[in-house]
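Chain by chain, the residues run as shown.
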Amino acid sequence: AMGCDYPNDGAYLHYSDDHGVTWSPPTTISTVPQINSQIDREMIACDVSDDSPYRDNIYVTWIGFHVHFTRSTDNGESFMTPLVISSQADAIMPTLATGPLGEVYVVWTDLSSEDLQFRKSLDGGITWQPMITIGECNPQLVYHDLNCNSGYRMTNYPVPAVDISDGPHRGAIY
């Protein structure tokens, strides 16, 4: 389980190895010491591909006005210093997926340009290829009010998926 502690401005990971009966103490994913910053919309993925040299790495993204990324190579015992992988400060809804050979893919919405942005790493999140635009988005659909006067809204995340099977579409990104 992953969550944020807003009074302490941090993101933390807890795990259970007994089907949720007990939970580990928190492992710090990141803290945000900057004034007027936050950790929000955090997403987590694990590399589960048998052929990946980064199998079992844990990857986390979130927004704090930019898209941030970190990884754990020791089953969540510790996380590397977070990287900022977006260039604009109006990035929201980052999501991620892993490929069959250890690739890490992150997709997010850029509200200022109204585009879907994409970055990939071929080395388990150590270095990143240049950001590319993969399509346009309608910012009206990013936050959709449910029009039920309840204050709830539905958010639309771009959700990548990667074929890690041994089939003919292995490595295809959806």
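For clarity, every value in this text was computed on a predicted model and none was experimentally measured.

Undergrad: Would you mind going over the environment of Thr27 in detail, with residue names and values included?
TA: For Thr27, the location among the structural elements is in strand S3 (residues 27–31). Separated by 51 residues in the primary sequence, Thr27 and Ser78 have C-alpha atoms spaced 6.7 Å apart. A distance of 3.3 Å separates the side chain of Thr27 from the backbone oxygen of Gly76, its partner in a polar contact.

Undergrad: Any chance you could break down the packing of aromatic side chains for me, citing the residues and the numbers?
TA: Within this structure, the stated rule accounts for 3 aromatic pairs. An angle of 25° between the planes, with centres 5.8 Å apart, marks the rings of Tyr59 and Phe69 as stacked. Here Phe69 lies in strand S6 (residues 67–72) and Tyr59 lies in strand S5 (residues 58–63), a separation of 10 residues in the sequence. Given the relative accessible area of 0%, Phe69 is considered buried. Seen in terms of ring centroids, Tyr105 and Phe118 are 5.8 Å apart; in terms of plane orientation they differ by 25°. Their pairing is stacked. Of this pair, Tyr105 sits in strand S9 (residues 104–110) while Phe118 sits in strand S10 (residues 115–121); the two residues are 13 residues apart in sequence, bridging distant segments of the chain.

Undergrad: Go over the sheet that holds S10 with me, naming the residues and quoting the values.
TA: As a general point, the strands of a sheet are linked pairwise by backbone hydrogen bonds and lie either parallel or antiparallel. Spatially, S8-S9-S10-S11 is the arrangement adopted by the 4 strands of the open sheet, whose pairing is antiparallel. This sheet does not close on itself; its edge strands, each paired only once, are strand S8 (91–98) and strand S11 (132–136). Taken pair by pair, the neighbouring strands of this sheet meet at an average axis angle of 25°, ignoring direction. Sheet topology places S9 next to S10; 7 bridges connect them, and they run antiparallel. Across the sheet, Val107 pairs through a bridge with Phe118, a residue of S10.

Definitions and limits used
- Residues numbered from 1 in each chain as written.
- Predicted model: local features only at pLDDT ≥ 70, side-chain atom pairs only at ≥ 80, totals over all residues.
- Heavy atoms only, no water.
- Helix = DSSP H or I, 4+ residues; strand = E, 2+ residues; numbered from the N terminus.
- Polar contact = N/O pair within 3.5 Å; in protein donor to acceptor, adjacent residues only side chain to side chain.
- Phe/Tyr/Trp six-rings, centres within 6.5 Å; stacked < 30°, edge-to-face > 60°.
- Buried < 20%, exposed > 50% of the residue type's maximum accessible area, 1.4 Å probe, protein only.
- Pairing = 2+ DSSP bridges.
- Axes fitted to C-alpha atoms, helices over the stretch in contact; angles between N-to-C directions.

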